[in-house]
Amino acid sequence: MNWSWEYDPNEEHVIGGAPAALVAAVEKRADELALAAEALYLDGTTHQDASPKGENVLVPGGMFLCQIIPRHERVYIMQITCW
């Protein structure tokens, strides 16, 4: 399994109506977070400790809430806020 990210519960629910520039910034940062998590959790599927706390990540034009789940080898994007 390879690390990646996805919208939770689905893309429409999370980004519905968000500006395209904000969505692009969120997806770029999500790619970076997945790469960093892959380096930090070398074999995430065997991770036994608690998952890290969810975090707010600032991007140009807004922010997003994400949760890293090592056992799933996923970064879940759960909410986008634009300003």
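Higher on the page you've got the structure.
Quick notes on the rules
- The residue numbering used here restarts from 1 in each chain and proceeds along that chain's sequence as written.
- Local features in this predicted model are restricted to residues whose pLDDT is 70 or higher, and side-chain atom pairs enter the listing and the counts only when it is 80 or higher, whereas totals over whole chains, interfaces and linings include all residues.
- For side-chain calculations, the full set of non-hydrogen atoms in the structure is used, while hydrogens and water are omitted.
- By nonpolar core is meant a set of buried Ala, Val, Leu, Ile, Met, Phe, Trp, Tyr and Cys residues that side-chain atoms within 4.5 Å join together.
- When accessible area is computed with a 1.4 Å probe and restricted to protein chains, residues below 20% of their type maximum are described as buried, those above 50% as exposed, and intermediate ones as partly exposed.
- Elements are defined by DSSP. Helices are runs of H or I of four residues or more, strands are runs of E of two residues or more, and each kind is numbered from the N terminus.
- Whether two residues touch is decided by their heavy atoms; if any such pair falls within 4.5 Å, the residues are in contact.
- Defined by distance alone, a disulfide is two cysteine sulfur atoms within 2.5 Å.
- In this analysis, strands are considered paired if DSSP registers two or more bridges between them.
- A pair is scored as a salt bridge if a Lys or Arg side-chain nitrogen falls within 4 Å of a carboxyl oxygen belonging to Asp or Glu.

Draft legend 1. Just the nonpolar core, in detail. In terms of nonpolar packing, the biggest core is built from 22 residues, with Tyr-7, Val-26, Phe-64, Cys-66, Val-75, Ile-77 and Ile-80 touching the most fellow members. Counting only elements with at least two residues in this core, the list comes to β1 (4–7), α1 (11–15), α2 (20–40), β2 (55–59), β3 (62–69) and β4 (74–82). Among the elements that take part in this core, α2 stands out by supplying eight residues, more than any other. Each residue touching Val-75, except ones within four places of it in the same chain, is listed here: Trp-3, Ser-4, Trp-5, Glu-6, Leu-33, Ala-34, Cys-66, Gln-67 and Ile-68.

Draft legend 2. Seen up close, the state of the cysteines. Applying the stated criterion across every chain yields a total of zero disulfides. The thiol of Cys-66 is unpaired, and the distance to the nearest cysteine sulfur, on Cys-82, comes to 17 Å. Assessed through its relative accessible area of 1%, Cys-66 is described here as buried.

Draft legend 3. Representation of the pairing of β4. As paired elements, β1 and β4 share four bridges and run parallel to each other. Within β4, the residue paired with Glu-6 across the bridge is Tyr-76. Judged from the eight bridges that link them, β3 and β4 form a sheet pairing that is antiparallel. Looking across to β4, one finds that Phe-64 is bridged to Ile-80. Between β3 and the antiparallel strand that follows it, β4, lie four residues; Glu-73 among them carries a positive phi value of about 50 degrees.

Draft legend 4. Highlighting the pattern of salt bridges. Inspection of every chain in the model, using the stated rule, returns three salt bridges. With a shortest N-O distance of 3.2 Å, Glu-6 and Arg-74 are connected by a salt bridge. Here Glu-6, found in strand β1, pairs with Arg-74, found in strand β4; they are 68 residues apart in sequence, far enough to count as distant. Glu-32 is the salt-bridge partner of Arg-29, the closest N and O atoms lying 3.2 Å from each other. Of this pair, Arg-29 and Glu-32 both sit in helix α2, separated by three residues, roughly a single helical turn.

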